[in-house]
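Coordinate inspection notes
In case you want the letters, here they are:
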Amino acid sequence: MAVTKFVLNETSYFGEGARSVLADEIKNRGFKKVLVVTDKSLYEVGVSKKVTDILDEAGIEYGVFHEVLPNPPIANVNSGIRMCKEIGADLIVAVGGGSSIDTAKAISIIMTNPDRADVVSLNGASNTKNKGLPIIALPTTAGTAAEVTINYVITDPEREIKMVCVDEHDIPIVAIVDTELMASMPKSIAASTGMDALTHAIEGYITKNRNTMSQMFSMKAIQLIYDNLDKAVNEKDQEAINNMGLGQYIAGMAFSNVGLGIVHSMAHQLGAVYDTPHGLANAILLPTVMRFNGETSYEEYREILVQAFHTDARKFTKEEVIKTFCEKIKDLSERVGITQTVSEVGGKVEDIPMLADKAMEDPCKPGNPREVTKEDFIKLYEEAM
């Protein structure tokens, strides 16, 4: 039996109001000064205040960096590092979706690995020497699972690429999955981040590096997301939101350890070139790529149909399995109001060869269960247009 390595964050809390543990976690661990990393919209609507109020009540010193952008660029990281140094922070508290937590991770790593201050050298397997500045992460979206993963994504606008950085030194020491913070998500964000989580779970289930433990987590995540996303988005049902918070976290436990596939390879390019929100890009591409991957992964699709999608597919032919599987995904996507084509988010046919070239270099590509060429990427982008 081959040796399997599985890395998870140290401590996690789940449930409505879970942020109440924040002050005790900070004080009990001996931290003195906090950099809160969040985005402008969460700051302006008062979501991040639900966290900083706890710091105020506990008398914990902090500064707030609230400049994080969607698809955060290198400049965001550099600005955050400057503020982190200015206030002398010994802890980062990240409040937000993947963009905020990813930016916090990059700040964390460079604070303790100053030789990586160029940021671009963090792309891929980062191989840093030192653990990053400690992070406590409070996600506000049920999607990226950045609070439990060893990955973060930063955009390089000059090269128009998303850098997928993989580093065990960046994983938050504490994850606080407070679903009250997720309940205020606008419908469009709840839908796209939820489909992002489903993409993580499905790609994690079929990736080349999958193993028994990762598939256990991925399957449970698929079940939770498939059963709860519609209610969480369209009805704002609190129990469904709670289950989405759990489902996206469990999906992260798996894919952080076994990787993803070409849905992400392609989606990263839409984010880098057109500034398409990451979850939306994944949601648009997921059915198209799953049809392609079905040639090698149809038995895994059959398992998902039976165990998570409430479909008795045990006697289906390969073609029936692939068709039904992709229809189920597309139906869920439509029910939560997801845009269905790349062209609707600004994609241009003349850009496809360039997008395909970039996708060929994406760090998620090697994990895909089916080998893929530039010509395959071109055809897939064309189908998704």
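Read on for an overview of the structure. (Residues numbered from 1 in each chain as written. Predicted model: local features only at pLDDT ≥ 70, side-chain atom pairs only at ≥ 80, totals over all residues. Heavy atoms only, no water.)

Residue pairs three or four apart in sequence face the same way in an α-helix, which turns once every 3.6 residues. Restricting attention to buried positions, one finds in helix α13 (residues 352-360) the residues Ile352, Leu355, Ala356, Lys358 and Ala359. Across the axial projection of α13, the buried residues extend over an arc of 165 degrees, all falling on one side. Of the surrounding secondary structure, the elements contacted by the buried residues of α13 are β8 (161-166), α10 (262-274) and α14 (374-384). (Buried < 20%, exposed > 50% of the residue type's maximum accessible area, 1.4 Å probe, protein only. Helix = DSSP H or I, 4+ residues; strand = E, 2+ residues; numbered from the N terminus. Arc of directions from axis to C-beta. Contact = heavy atoms within 4.5 Å.)

Counted according to the given criterion, the structure contains 19 salt bridges. A salt bridge links Glu10 to Arg29; the nearest nitrogen and oxygen atoms lie 3.0 Å apart. A residue pair is termed long-range when its members are at least 10 positions apart, and Glu10 in the segment before β1 (11-14) and Arg29 in the loop between α1 (22-28) and β2 (33-39) qualify at 19 residues. The class for Glu10 is exposed, based on a relative accessible area of 53%. A relative accessible area of 29% places Arg29 in the partly exposed class. Here Lys323 makes a salt bridge to Glu327, at a shortest N to O gap of 2.6 Å. Of the two residues, Lys323 and Glu327 both sit in helix α12 (residues 318-335), four residues apart, roughly one turn of that helix. (Salt bridge = Lys/Arg side-chain N within 4 Å of Asp/Glu carboxyl O.)

Judged by nonpolar contacts, the single largest core of 79 residues is most densely connected at Met195, Ile222, Met290, Phe309 and Phe325. Tallying contributions element by element places helix α11 (residues 278-307) first for this core, with twelve residues. Ignoring any residue separated from it by four or fewer positions in sequence, one finds Phe325 in contact with Ile202, Met290, Tyr301, Ile304, Leu305 and Phe309. Core analysis: the second largest hydrophobic core is formed by 29 residues, Cys84, Leu133, Ile135 and Ala146 among them. (Core = buried A, V, L, I, M, F, W, Y, C linked by side-chain atoms within 4.5 Å.)

A few words on the sheet that holds strand β3 (residues 61-68). Spatially, six strands are ordered β1-β9-β6-β4-β2-β3 in an open sheet, and the strand pairing comes out parallel. Unpaired on one side and paired on the other, β1 and β3 mark the two borders of the sheet. Strand-to-strand, the axes of this sheet are offset by a mean angle of 15 degrees, without reference to chain direction. Sheet analysis places strand β4 (residues 91-96) next to strand β6 (residues 135-139), joined by five bridges and oriented parallel. Bridged to Ile92 within β6 is Ile135. (Pairing = 2+ DSSP bridges. Axes fitted to C-alpha atoms, helices over the stretch in contact; angles between N-to-C directions.)

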